[in-house]
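# Structural characterization, general
Residue strings, one per chain:
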Amino acid sequence: MDDHDAAPPGPAVARGDVPAERLCLRCNAAFWSTGFGERICKKCKAQSAWKSASLSVGMRSGRRSAK
Ligand SMILES: [Zn+2]
């Protein structure tokens, strides 16, 4: 059937997978992205990392101790 995982070789693929300066999707600041998968600057990444971690922990313990 259709193989969606297999991306055809082309300039578009290589173009998006090269290190380049991009704009962070969260704070819109220019930062050095090492690849296509990196769209958020390290600052925002670190922020969301500890934020989500502390949030999930707080929600868990809060919910449990609430009742
Ligand atoms: Zn950012």
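First, a word on scope: everything that follows refers to the structure included in this document. Since we're looking at a predicted model, the values are computed, not measured.

Criteria and thresholds
Sequence order as written defines the numbering, with residues in each chain counted from 1. Totals for whole chains, interfaces and linings use every residue, but because this is a predicted model, local features are given only for residues with pLDDT of at least 70 and side-chain atom pairs only at 80 or more, for both listing and counting. Secondary structure is summarised from DSSP: a helix means a run of H or I of at least four residues, a strand means a run of E of at least two, and numbering begins at the N terminus for each. Partly exposed residues are those whose C-beta has more than 12 but fewer than 20 other C-beta atoms within 10 Å; 20 or more makes a residue buried and 12 or fewer makes it exposed, with C-beta atoms placed from the backbone. Placing C-beta atoms from the backbone, we regard two residues as in contact once those atoms come within 7 Å.

Attention now moves to the overall build of the protein. Helix and strand counts for the protein stand at two helices and two strands. Across the protein, helices and strands are ordered from the amino to the carboxyl terminus as α-β-β-α. Buried positions account for 1% of the 67 residues belonging to the protein. Pairs at least 24 residues apart make up 0% of the contacts formed inside the protein by residues separated by at least 6 positions.

Right, let's get into the environment of Gly37. Checked against the element boundaries, Gly37 lands in the loop between strand 2 (30–33) and helix 2 (42–66). With 9 C-beta atoms counted inside 10 Å, the residue Gly37 sits in the exposed group. C-alpha separation for the pair Gly37 and Asp17, spaced 20 residues apart in sequence, amounts to 7.9 Å.

What is expected of a backbone is that most residues other than glycine have negative phi and most peptide bonds are trans. Its identity is not glycine, yet Asn28 carries a phi of approximately 65°, on the positive side. Asn28 sits in the exposed class, given 8 other C-beta atoms within 10 Å.

Here Val18 shows up in the loop between helix 1 (11–16) and strand 1 (20–23). Counting along the chain gives 15 residues from Val18 to Ser33, while the straight-line C-alpha distance between them is 8.4 Å.

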